[in-house]
Amino acid sequence: MRVILMGPQGAGKGTQAAKLEEETGATHIETGDLVRSEIKSETELGQKIKEYSDKGELVPDEIIIDMTKPYLDENDSWILDGFPRTQEQARALDEALEDIGEELDMVIVLEADDDELVERLSGRRQSEATGEVYHVEHNPPPEEGSEEDPGPFVQREDDTEEAIRNRLDSYHEQTEPLKDFYEEKGILVTVDASKDIDEVTQEVLKAVGEDK
Ligand code: AP5
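Every value quoted in this text rests on a predicted model; they were computed, and no experiment measured them. (Residues numbered from 1 in each chain as written. Predicted model: local features only at pLDDT ≥ 70, side-chain atom pairs only at ≥ 80, totals over all residues. Heavy atoms only, no water.)

(A) Just the packing of aromatic side chains, in detail. Summed over all chains, the structure comprises two aromatic pairs. With a centroid separation of 5.9 Å and an interplanar angle of 85°, the aromatic rings of Tyr-134 and Phe-153 are classed as edge-to-face. Linking Tyr-134 in strand 6 (residues 133-135) with Phe-153 in strand 7 (residues 153-154), this pair joins segments that are 19 residues apart in sequence. On the basis of an interplanar angle of 75° and a centroid distance of 5.0 Å, the ring pair of Phe-181 and Tyr-182 is categorised as edge-to-face. For Phe-181, a relative accessible area of 24% puts it in the partly exposed group. (Phe/Tyr/Trp six-rings, centres within 6.5 Å; stacked < 30°, edge-to-face > 60°. Helix = DSSP H or I, 4+ residues; strand = E, 2+ residues; numbered from the N terminus. Buried < 20%, exposed > 50% of the residue type's maximum accessible area, 1.4 Å probe, protein only.)

Put into structure tokens, the structure is as follows:
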């Protein structure tokens, strides 16, 4: 299975990709996570890309393509989350697939309103220990002090209102036009991501033929 999960920031790409990975066994490749790991490792590259990431700007194409390609080559079956985000990246992905004689199965676009997305991202919390993503209201973590308590939690540095607005602007300007590109290929499926998490999961699983 080779699927792209596309959608504006906060639409739930990471949330749904994790569920899809669980159900199908395909590898979840999340470029935002690759970027954050590189920054955490404090490499020269990490320092360079931190400036972009903290402001909510896209990392330059040649850097993100070089970072992502090895993961595409290593895995036969994947769910791509956060890539491609520009025409250049979409072309690079096509070339990488052509090189191995394979094709994309599907591009699933998660759609929701910007105002709802800002609210979601402001309430996002991530467990430092497990990396699991929660929402203070829509997907609260297990109770504090309980056996399953995965705290402490962190808020992402780019989850400030200013960086969120920047990320949404860049999505509408640079990434959203890719919908036409994939629509022409006949592999675009749109899912209403304003519904609650489980309902969206059902729609996503239906799209890939894994609903029960
Ligand atoms: P990245 O990590 O990909 O950030 P993003 O695009 O801003 O996406 P998010 O992770 O914020 O949103 P999501 O859709 O995954 O939402 P989530 O499931 O967490 O990228 C970070 C940075 O890396 C970029 O800004 C850029 O600098 C760089 N980068 C990455 N890829 C790049 C590329 N290809 N090119 C260039 N640069 C790149 O959900 C959000 C919250 O909402 C959670 O709290 C969740 O619990 C909650 N939630 C989810 N679904 C629902 C629902 N249905 N109802 C209610 N709440 C929900």
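That was the structure; now back to the text.
(B) Broad picture of the sheet that holds strand 6. The three strands are arranged 6-5-7 in an open sheet whose pairing can be described as antiparallel. The sheet is open, and its two edges are formed by strand 6 and strand 7, each paired on a single side. Pairing of strand 5 (residues 124-127) with strand 7 involves two bridges; the strand directions are antiparallel. Looking at the pairing, Ser-127 lines up with Phe-153 of strand 7. Sheet contacts for helix 6 (residues 114-122): strand 5 and strand 6; angle to strand 5, the most-contacted strand, approximately 35°. (Pairing = 2+ DSSP bridges. Contact = heavy atoms within 4.5 Å. Axes fitted to C-alpha atoms, helices over the stretch in contact; angles between N-to-C directions.)

(C) Main features of the packing of helix 4 (residues 61-74) against helix 5 (residues 87-99). Where helix 4 contacts helix 5, the two axes come as close as 10 Å, and the packing angle between them is 30°. By the criterion of interaxial angle, the relationship of helix 4 to helix 5 is roughly parallel. For helix 4 against helix 5, the interelement crossing comes out right-handed. The residues of helix 5 that touch helix 4, namely those facing Asp-61, Ile-64, Ile-65, Lys-69 and Leu-72, are Glu-88, Gln-89, Ala-92, Leu-93 and Ala-96. (Parallel < 35°, antiparallel > 145°, perpendicular 65-115°, else oblique. Left-handed = near helix turned anticlockwise from the far one by under 90°.)

(D) Molecular detail of the packing of helix 1 (residues 13-24) against helix 9 (residues 197-207). At a minimum axis distance of 10 Å, the contact between helix 1 and helix 9 shows a crossing angle of 55°. Comparing their axes, helix 9 and helix 1 come out oblique. Helix-helix and strand crossings are classified by hand; for helix 1 and helix 9 the assignment is right-handed. Along its contact with helix 1, which presents Thr-15, Gln-16, Lys-19, Leu-20 and Glu-23, the element helix 9 presents Ile-197, Asp-198, Val-200, Thr-201, Val-204 and Leu-205. For the contact of helix 1 with helix 9, the residue count by class is five nonpolar, three polar and three charged. (Nonpolar A, V, L, I, M, F, W, Y, C, P; charged D, E, K, R; others polar.)

(E) Broad picture of the site of the ligand. Near the ligand, the surroundings consist of 36 residues, among which Thr-15, Glu-57, Arg-85, Arg-124 and Arg-167 are the closest. Thr-31 is positioned such that a nitrogen or oxygen atom in its side chain is 2.8 Å from a nitrogen atom of the ligand. Here a nitrogen atom of the ligand and a side-chain polar atom of Arg-120 are 3.5 Å apart. Contact with the protein chains removes 98% of the 1000 Å² of surface that the ligand exposes when unbound. Looking at the shell around the ligand, the elements with two or more residues in it are helix 1, helix 2 (31-40), helix 6, strand 6 and helix 9. For the shell around the ligand, the element with the highest residue contribution is helix 2, accounting for four residues. (Near = heavy atom within 4 Å. Polar contact = N/O pair within 3.5 Å; in protein donor to acceptor, adjacent residues only side chain to side chain. Areas by Shrake-Rupley, 256 points an atom, 1.4 Å probe, with all protein chains shown as cover.)

(F) Summary view of the nonpolar core. With 28 residues, the main nonpolar core has Ile-4, Trp-78, Leu-80, Leu-93, Leu-104, Val-107 and Tyr-182 as its most contacted residues. The set of elements that each furnish at least two residues to this core consists of strand 1 (2-6), helix 2, helix 4, strand 3 (78-81), helix 5, strand 4 (106-111) and helix 8 (178-184). The leading source of residues in this core is helix 4, at five residues. Sequence-distant contacts of Ile-4, that is, excluding residues within four places in its chain, are made with Leu-80, Phe-83, Pro-84, Leu-93, Leu-104, Met-106, Val-107, Ile-108 and Tyr-182. Ranked by size, the runner-up nonpolar core spans 22 residues in total, among them Leu-20, Ala-26, Ile-79 and Leu-205. (Core = buried A, V, L, I, M, F, W, Y, C linked by side-chain atoms within 4.5 Å.)

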